[in-house]
Amino acid sequence: MGLFQIFKGFGKSAKERRAEESRRRAQQEDLEIYSGMRVEVSSEDGRIFLTAQLLELRGDRAQLQSESDGNLLAGTEGPVPVILRGYSSLENKAVLLEGTIRTEPNGLWQAENLVLVKRSNDRAFFRVDTNIDAGMTAMGSFSDKEEPCKILNLSVGGVCVGSKERHNVGDKFILQTKLLQELESSLIFCQILRILERKHDYFEYGCQFLRLNSSDEERILQIIFDLQRKQR
């Protein structure tokens, strides 16, 4: 601790020190609810190092169990400053943390000095551009016709779908697709929230996911991380 910091601490009243300690404890207690959350670990300039799961989060420290086959931090010595992005299904919010990580002999990563930077309702915080073939089938319709479409981008909360067919705000449909080629085909329930006519007889539909549970959200987040990693 520097001399200036020492004098700065002495200059605070007992009430101010108690308030500061209360804020610090509250922040650490807030962080503990993110134990088990999947995160994307990147540098300050946006390079993605690895995707991992936050484990045993206590105070401002946690372990990171990597879910990536390889990462850019292999062989790194000493603490590395990083940004951690995750999605809390418990709070239904996007979460941004800052801290440092270092490797441990057991193959896990130790995260330290974790600080909550941002907690947001904006699920678009995790959005990736795509060009994935899919099929749409209207819900509540007597027809089981599947129309071809494209998934243009994907977020934790929904998709943007491009189609030549005209639909309306509020329409619900089942989206069948392979979000990753190595995965089996998935059925995803969606509802149209926004419509944008890009050109004659071609529409883009902003859709929200329906009937998602916390496991579904975590799975989609992991797919988003995988797609981002493949695009870099």
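Structure: above.
Residues numbered from 1 in each chain as written. Predicted model: local features only at pLDDT ≥ 70, side-chain atom pairs only at ≥ 80, totals over all residues. Heavy atoms only, no water.

Draft legend 1. Broad picture of the environment of Ile48. By the secondary structure assignment, Ile48 is in strand β2 (residues 48–58). Residue Ile48 is classed as buried on the basis of its relative accessible area, which comes to 12%. Between the alpha carbons of Ile48 and Leu84 there is a distance of 9.8 Å; along the sequence they are 36 residues apart. (Helix = DSSP H or I, 4+ residues; strand = E, 2+ residues; numbered from the N terminus. Buried < 20%, exposed > 50% of the residue type's maximum accessible area, 1.4 Å probe, protein only.)

Draft legend 2. Inspection of the nonpolar core at higher detail. By size, the foremost hydrophobic cluster in this structure holds 30 residues, and its most contacted members are Leu154, Val159 and Leu175. When contributions to this core are tallied by element, the ones reaching two or more residues are β7 (127–138), β8 (146–155), β9 (158–163), β10 (172–177), β11 (186–199), β12 (202–210) and α3 (214–231). It is α3 that provides the largest number of residues to this core, a total of six residues. If sequence neighbours within four positions are ignored, Leu175 has contacts with Ala134, Gly135, Met136, Cys149, Ile151, Val159, Val161, Ser186, Leu187, Ile188 and Cys190. (Core = buried A, V, L, I, M, F, W, Y, C linked by side-chain atoms within 4.5 Å. Contact = heavy atoms within 4.5 Å.)

Draft legend 3. Here's a closer look at the sheet that holds strand β6 (residues 109–120). Read once around its circumference, the closed barrel built from six strands follows the order β1-β2-β3-β6-β5-β4, with strand pairing classed as antiparallel. Strand-to-strand, the axes of this sheet are offset by a mean angle of 45 degrees, without reference to chain direction. Here strand β4 (residues 80–88) runs beside strand β5 (residues 93–103); their pairing, made up of nine bridges, is antiparallel. In the sheet register, Ser88 faces β5, and the bridge partner there is Lys93. (Pairing = 2+ DSSP bridges. Axes fitted to C-alpha atoms, helices over the stretch in contact; angles between N-to-C directions.)

Draft legend 4. Expanded view of the pattern of salt bridges. Here the structure, examined in full by the defined rule, presents six salt bridges. Close ionic contact of Glu40 with Arg85 constitutes a salt bridge, the shortest N to O distance being 2.8 Å. You can see Glu40 sitting in strand β1 (residues 38–42) and its partner Arg85 sitting in strand β4, a full 45 residues away along the chain. The exposure class assigned to Glu40 is buried, which follows from its relative accessible area of 3%. (Salt bridge = Lys/Arg side-chain N within 4 Å of Asp/Glu carboxyl O.)

Draft legend 5. Geometry of the pairing of β6. With three bridges connecting them, strand β3 (residues 61–66) and β6 associate as antiparallel partners. Counterpart to Gln63 in the pairing with β6 is Gln110. Note that β5 and β6 share nine bridges and pair antiparallel. The residue of β6 that forms the bridge with Thr103 is Trp109.

Draft legend 6. Fine view of α3. For α3, built from 18 residues, the straight-helix expectation of 26 Å at 1.5 Å per residue is met to within 8% by its first-to-last C-alpha distance of 26 Å. Every buried residue of α3 is accounted for by Glu217, Ile220, Leu221, Gln222, Ile223, Ile224, Phe225, Asp226, Leu227 and Gln228. In this structure, the buried side of α3 is in contact with β1, β2, β4, β7, β8 and β12. (Expected span 1.5 Å × (residues − 1).)

Draft legend 7. Representation of the sheet that holds β8 in the model. In space, the six strands of this closed barrel follow the order β7-β8-β9-β12-β11-β10, with antiparallel pairing throughout. Going from strand to strand, the sheet's axes swing by 45 degrees on average, the running direction of each strand aside. Strands in contact with α3 are β7, β8, β11 and β12; relative to β7, the strand with the most contacts, it is inclined by about 130 degrees.

Draft legend 8. Main features of the packing of aromatic side chains. All chains considered together, the criterion is met by one aromatic pair. Across from the ring centre of Phe189, 4.3 Å away, lies the NZ or CZ of Arg211, which sits over that ring. (Phe/Tyr/Trp six-rings, centres within 6.5 Å; stacked < 30°, edge-to-face > 60°. Lys NZ or Arg CZ within 6 Å of the ring centre and 35° of its normal.)

Limitation: the analysis is restricted to geometry and does not speak to function.
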